[in-house]
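Read off the chains here:
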Amino acid sequence: MKRYIALLRGINISGKNKISMAELKSAFAEAGFSDVCTHLNSGNVIFSDDENNTLVLADRAKTLIKEKFNLDIPVFIISQKELSELLDKAPKWWGTENKEIYDNLIFAIPPNDIKIVAEKIGEPTKELEQVEICDNAAFWSFDRMKYNKAAWWKKTASTGIAEMITIRTANTLRKIISI
């Protein structure tokens, strides 16, 4: 069995799309996923399964969430191994101990392509943020104090792009690859 990570987009944010993580964990287990656990309250589910196709797994998870919680939300699934390999490719400026910088990884939810997402967002704001595309994700860092002036900050939540992506912090990703 492979270990996978499901990243649910837009769960428990500002009172929207509320799902209890205990209930989510139970629902995944009842649906046949093994060794299920969750991390944080933002829709990170770690599980094992024999299926090798992440798109099939994402469809199963999306259907499960629709049926159990009546929510139609995007689900991105990646194997722990693939995520670990992706994090190994991180640029040197990403995920450092610098507390003035906020480090995120943006995943394009299939069938979306991160290059098209990046094109729609446009150029990062010089001196405030850095972006590097890798595989179907983008390493993204920005100045915590001036985030509201950063082009990518404003546009990642914009209509037409928000449903194409899911974002996690460097710290969250490092934690979930070890669960």
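To keep things clear, this report deals only with the structure shown in the data block. None of these values were measured; they are calculated from a predicted model.

Calculation notes
- Residues numbered from 1 in each chain as written.
- Predicted model: local features only at pLDDT ≥ 70, side-chain atom pairs only at ≥ 80, totals over all residues.
- Heavy atoms only, no water.
- Pairing = 2+ DSSP bridges.
- Helix = DSSP H or I, 4+ residues; strand = E, 2+ residues; numbered from the N terminus.
- Axes fitted to C-alpha atoms, helices over the stretch in contact; angles between N-to-C directions.
- Contact = heavy atoms within 4.5 Å.

Pairing between the strands of a sheet comes from backbone hydrogen bonds, and it takes one of two forms, parallel or antiparallel. With antiparallel pairing, four strands are arranged side by side in an open sheet as β2-β3-β1-β4. Among the strands making up the open sheet, the edge pair consists of β2 (34-39) and β4 (75-79). Going from strand to strand, the sheet's axes swing by 20° on average, the running direction of each strand aside. With six bridges connecting them, strand β1 (residues 2-8) and strand β3 (residues 44-49) associate as antiparallel partners. Each bridged residue has a counterpart across the sheet, and for Lys-2 the counterpart in β3 is Asp-49. Packed on one face of the sheet, helix α1 (residues 21-30) meets β1, β2 and β3 and runs near 160° to β2. With respect to the sheet, helix α3 (residues 80-88) is in contact with β1, β3 and β4, its orientation differing from that of β4 by roughly 80°.

Another point: the sheet that holds strand β7 (residues 137-143). Reading across the sheet, the four strands line up as β6-β7-β5-β8 and stay open at both edges, with antiparallel pairing between neighbours. Of all the strands in the sheet, the pair left with one neighbour each is β6 (129-134) and β8 (165-169). The average undirected angle you get between the axes of adjacent strands in this sheet is 20°. Inspection of the sheet shows strand β5 (residues 101-108) paired to β7 by seven bridges, in the antiparallel sense. Bridge pairing in β7 places Ile-106 opposite Ala-138. In the packing of α3 onto the sheet, the strands contacted are β5, β6 and β7, and the crossing angle to β5 comes to about 130°. In the packing of helix α4 (residues 114-121) onto the sheet, the strands contacted are β5, β6, β7 and β8, and the crossing angle to β6 comes to about 155°.

All we've got here are geometric facts, nothing functional implied.
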